[in-house]
Amino acid sequence: MSRPQKQQTPLSANALNTNEPETISEKASMPSKKVIHLMLDAGRSSIKYQAFVNNETGTTYFDKAQQPPVMKTESLVCCVPSVPFGELGAFSLSRAKDENNKDVVEHWVVGSSARLQGKEYIAMSDSENYKVDYFPVLALGAIASLPNLLELSTGTSDKRRTLHIRLSTLSLASPLSLKKAIEQCKWIAVDGVRYRLCFSKQGFLGFPEGYGASLWASERFDDKQFHTFDIGYGTATISEYSNLGKLPKRVTCSPNGGGGVATLIKEFSLALSHTDSSKMIRPSQLREILETATVGDAGISAIAPDGENIGAELENAIHSWMKDSPLAYALDDISVKARRSKVALCGGAFAIAPVQMLVKERLLKASIPESNLLIPENPGTVALSEMKKLYEWRNDRC
Ligand SMILES: Nc1ncnc2c1ncn2[C@@H]1O[C@H](COP(=O)(O)OP(=O)(O)OP(=O)(O)O)[C@@H](O)[C@H]1O
Ligand SMILES: [Mg+2]
């Protein structure tokens, strides 16, 4: 099952798109054009995004000594009557004209600040299709949250600027429908500056959700094929990749909807309803308790607001989740597949220490060789952070 060691040469994203023409507006603005490369993974619990500029001089977006960081914003949106000033993720947008051919303007707040608007906000976890339906708002919320948006824009006026964006998305949805939806957005206004949006045709590569994890795995595995197992908020997705060429290629994918952390939180809440602590724990706190739970010599530790250790309840909840939810099918499936194939374990669930321990334990019980299970250093963001390998920005840095 072994193949010759791969060359570790960075791949050019331009090389991936040789047949695609540039937009007219991009050509017109040459040579001073700055193009923001934005990688976006708009998930049910969080939007993960990474941006850098790769223009003629190869300038990167952040400090040249550093890699562009992966930024994270909660997947919450709130439509507001007017845009609040000084709040992260607040912006106005126009994506339609009224009967007098005037721009119809919407005001949104995306991220944790959506909770502060005194209006009902929408969580992407509230419904199956929300992360696709609200994709343009989530994407523009990520753009509006970029710390130096002004610097990344072009134009001579201080108040009317242009953003050239090459957007690459990781999604289970059709890239064409996402592209169509976001291209209706003509401008956004952030902090009193209006930015015309110019989306490059070279973006929208529509990578499989979790593709960065396959890039991470393909650098480490020599096998002809491997799997990724991504436990997110809604899904527990098993993907099979062929690893024969320069780039891994997805062969199969089963999302196992309902197998994600959302179901674990319900199980945790149920397990706690039998204890006194439940009286004091709000659902949002429960998620935080889960995310900060630890594993030590004394077992699982999860601390309730009253200081009580509810690790035993968490352990019960994880066991129920693994036995009595679509995660159980996913675990059965991967238990068979991983006997002969290496698996990269990723998704935010593997960033939760007790989940990582118990899921791994469950897989090892199914006679999977331990050497077939690999967990990246940042399992929650690897699907996005490794995407930068597709670009030659590293080489361009001076
Ligand atoms: N760094 C972290 N530490 C602890 N827990 C984390 C971390 N990152 C994510 N999680 C937990 O894992 C859950 C799933 O996170 P993830 O980012 O994979 O979901 P998502 O991509 O938004 O969801 P989906 O893929 O289903 O759309 C989160 O709801 C959170 O509770
Ligand atoms: Mg995800």
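Predicted model only: the values in this text are computed from it and were never measured.

Q: Summarise helix 10 (residues 326-337); cite the residues concerned and give the values.
A: Between the first and last C-alpha of helix 10 there are 17 Å, a value that for twelve residues agrees with the 16 Å anticipated at 1.5 Å per step. Along helix 10, the residues classified as buried are Leu327, Ala330, Leu331 and Ile334. For helix 10, the buried positions fall inside an angular range of 100 degrees around the axis, keeping them on one side. Turned more than 90 degrees away from the buried face of helix 10, the exposed residues are Asp332 and Val336. Taken together, the buried residues of helix 10 touch strand 11 (225-231), strand 12 (236-242), helix 7 (261-272), helix 9 (311-323), strand 16 (342-346) and helix 11 (353-365).

Q: Report on the site of ligand 1, specifying residues and quantitative values.
A: Close contacts around ligand 1 come from 18 residues, with Gly43, Gly232, Gly348, Ala351 and Gly380 the closest. Here the shell around ligand 1 is composed, by residue class, of five nonpolar, ten polar and three charged. Each of two domains, domain 1 (31-206) and domain 2 (261-320), supplies a minimum of three residues to the shell around ligand 1.

Q: Give a description of the sheet that holds strand 6 (residues 103-110) that names residues and reports values.
A: One key point about sheets: their strands pair by backbone hydrogen bonds, in either a parallel or an antiparallel sense. Read from one edge of the open sheet, ten strands run 3-2-1-8-10-9-5-6-4-7, paired in mixed fashion. The open sheet has two free edges, formed respectively by strand 3 (71-74) and strand 7 (122-123), since each of these has just one partner strand. Bridge count between strand 4 (residues 76-79) and strand 6: three bridges; the pairing is antiparallel. When the sheet's bridge partners are listed, Val77 is paired in strand 6 with Val110. Sheet contacts for helix 3 (residues 135-144): strand 1 (35-42), strand 2 (46-53), strand 3, strand 4, strand 5 (90-97), strand 6, strand 8 (160-169) and strand 9 (187-190); angle to strand 1, the most-contacted strand, approximately 130 degrees.

Q: Explain the sheet that holds strand 13 (residues 249-254) to me, using residue names and the numbers behind them.
A: Strand order in the open sheet made by the five strands is 13-12-11-16-17, with mixed pairing throughout. The outermost strands of the open sheet, each flanked by one partner alone, are strand 13 and strand 17 (373-374). Two elements, strand 11 and strand 12, share seven bridges in a ladder whose sense is antiparallel. Residue pairing in the sheet places Phe229 in a bridge with Ile238 of strand 12.

Criteria and cut-off values
- Residues numbered from 1 in each chain as written.
- Chains lettered and ligands numbered in written order.
- Predicted model: local features only at pLDDT ≥ 70, side-chain atom pairs only at ≥ 80, totals over all residues.
- Helix = DSSP H or I, 4+ residues; strand = E, 2+ residues; numbered from the N terminus.
- Expected span 1.5 Å × (residues − 1).
- Buried ≥ 20, exposed ≤ 12 C-beta atoms within 10 Å, placed from the backbone.
- Arc of directions from axis to C-beta.
- Contact = placed C-beta atoms within 7 Å.
- Near = placed C-beta within 6 Å.
- Nonpolar A, V, L, I, M, F, W, Y, C, P; charged D, E, K, R; others polar.
- Domains from an automatic or database assignment.
- Pairing = 2+ DSSP bridges.
- Axes fitted to C-alpha atoms, helices over the stretch in contact; angles between N-to-C directions.

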